[in-house]
Amino acid sequence: PVKLRAFGSFATGLYLPSSDVDMVVLGVELDKRRSQLYRLAEAVKSAKIVSEVQVVAKARVPIIKFKDADTGLDVDVCFNQEGGLKTAKYVIQQ
């Protein structure tokens, strides 16, 4: 099953007003062309839930960056990077 989870400072409660929200999509493997990044970017644009969208496909960890239309929060979405979830869980437990 596909899951969407928050990690980073937002998930741990250590965020500042200027912080972004880091999210990870689990259960979807990226292909060589990173087409899933572009499909998700197009879906959030079409749904009109974002005011800006940028796909950063050639980064070490490819992401989609967008601004939530309702809250103005900056959001970064990556795929299958579980390290951030593990780190957030560790920080919360301390």
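Each residue is numbered by its place in its chain's sequence as written, counting from 1. Selection of residues for local features in this predicted model requires a pLDDT of at least 70, selection of side-chain atom pairs for listing and counting requires 80 or more, and totals for whole chains, interfaces and linings are taken over all residues. Values shown for side chains rest on all heavy atoms present in the structure; no hydrogens or waters enter the calculation.

Visitor: Hey, could you run me through the overall build of the protein in this one?
Guide: Put simply, DSSP marks the helices as runs of H or I at least four residues long and the strands as runs of E at least two long, and each gets a number from the N terminus on. Within the protein, the regular secondary structure consists of three helices and five strands. Its helices and strands taken in sequence order, the protein reads β-α-β-α-β-β-β-α from the N to the C terminus. To get the radius of gyration, use the C-alpha atoms; to get the globule rule, take the number of residues to the power 0.38 and multiply by 2.2 Å. Taking 12 Å as the expected radius of gyration for a compact globule of 94 residues, we find that the protein reaches 13 Å, a close match to that expectation. C-alpha extents for the protein along the principal axes are approximately 40 × 30 × 25 Å. The buried label applies to any residue whose accessible area, calculated with a 1.4 Å probe on protein chains only, is under 20% of its type's maximum; exposed applies above 50%, and partly exposed to all values in between. Buried residues in the protein amount to 26% of all 94 residues. When contacts within the protein are restricted to residue pairs at least 6 apart in sequence, long-range pairs at least 24 apart make up 43% of them. For the accessible areas, the method is Shrake-Rupley and the probe is 1.4 Å, while residue cover comes only from the protein chains on display. Accessible area for the protein stands at about 6,500 Å²; split by element, carbon and sulfur atoms hold 54% of it. Whether two residues are in contact is decided by their heavy atoms: any pair within 4.5 Å suffices.

Visitor: Is there a simple way to explain the sheet that holds strand β4 (residues 63-68) in this structure?
Guide: Backbone-to-backbone hydrogen bonds pair the strands of a sheet. The strands run either parallel or antiparallel. Strands are treated as partners if at least two bridges between them are detected by DSSP. In spatial order, the strands read β1-β2-β5-β4-β3; together these five strands make up an open sheet with mixed pairing. Two strands in the sheet have a free side with no partner beyond their single neighbour: β1 (3-7) and β3 (50-56). For this sheet, the mean inter-axis angle between neighbouring strands, taken without regard to orientation, is 25°. By the bridge criterion, five bridges tie β4 to strand β5 (residues 74-79) in an arrangement that is antiparallel. Paired with Lys67 across the bridge in β5 is Asp74. Those strands touched by helix α2 (residues 35-46) are β2 (21-26), β3, β4 and β5, and its axis lies near 175° from that of β3. Here the axes come from fitting lines to C-alpha atoms, over the contacting stretch only for helices, and the angles between their N-to-C directions go from 0 to 180 degrees. Each of β1 and β2 touches helix α3 (residues 83-93); the most contacted strand, β1, lies at about 50° to it.

Visitor: What am I meant to see in the pattern of salt bridges here?
Guide: Pairing between side chains of opposite charge can happen when their charged atoms approach one another. Just to be clear on terms, a salt bridge is a Lys or Arg side-chain nitrogen sitting within 4 Å of an Asp or Glu carboxyl oxygen. With the rule as written, the count across this model stands at three salt bridges. With a shortest N-O distance of 3.8 Å, Lys45 and Glu42 are connected by a salt bridge. Pair noted here: Lys45 and Glu42 are both in helix α2, with a separation of three residues, about one helical turn. You can call Lys45 partly exposed: its relative accessible area is 45%. With a relative accessible area of 42%, Glu42 lands in the partly exposed category.

Visitor: Got a minute to help me understand the nonpolar core in this structure?
Guide: Nonpolar side chains tend toward joint burial in soluble globular proteins. We define a nonpolar core as any set of buried Ala, Val, Leu, Ile, Met, Phe, Trp, Tyr and Cys residues linked to one another through side-chain atoms lying within 4.5 Å. Residues Met23, Leu37, Ile64, Phe66, Val75, Val77 and Phe79 are the most contacted members of the largest nonpolar core, which totals 13 residues. Of all the secondary structure elements, the ones that give two or more residues to this core are β2, α2, β4 and β5. For Ile64, the contacting residues outside a window of four places in its chain are Leu37, Leu40, Ala41, Val53, Gln54, Val75, Asp76, Val77 and Phe79.

Visitor: Honestly, the pairing of β3 in this entry has me stumped. Any pointers?
Guide: The side chains of a regular strand alternate between both faces of the sheet. As judged from the six bridges shared by β3 and β4, these two strands associate in the antiparallel manner. Along β4, the bridge assignment pairs Val53 with Phe66. Between β3 and β4, which pair antiparallel and follow one another directly, the connecting turn spans six residues.

Visitor: What's the story with the packing of aromatic side chains in this structure? I'm lost.
Guide: Geometrically, a pair of aromatic rings is defined through the distance of the ring centres and the angle of the planes. Between rings of Phe, Tyr and Trp, where Trp is taken as its six-membered ring, a pair exists when centres lie within 6.5 Å; planes separated by under 30 degrees are stacked, by over 60 edge-to-face, and by other angles tilted. Here the structure, examined in full by the defined rule, presents one aromatic pair. Aromatic side chains Phe10 and Tyr15 sit 5.1 Å apart centroid to centroid with 35° between the ring planes, which places their arrangement in the tilted category.

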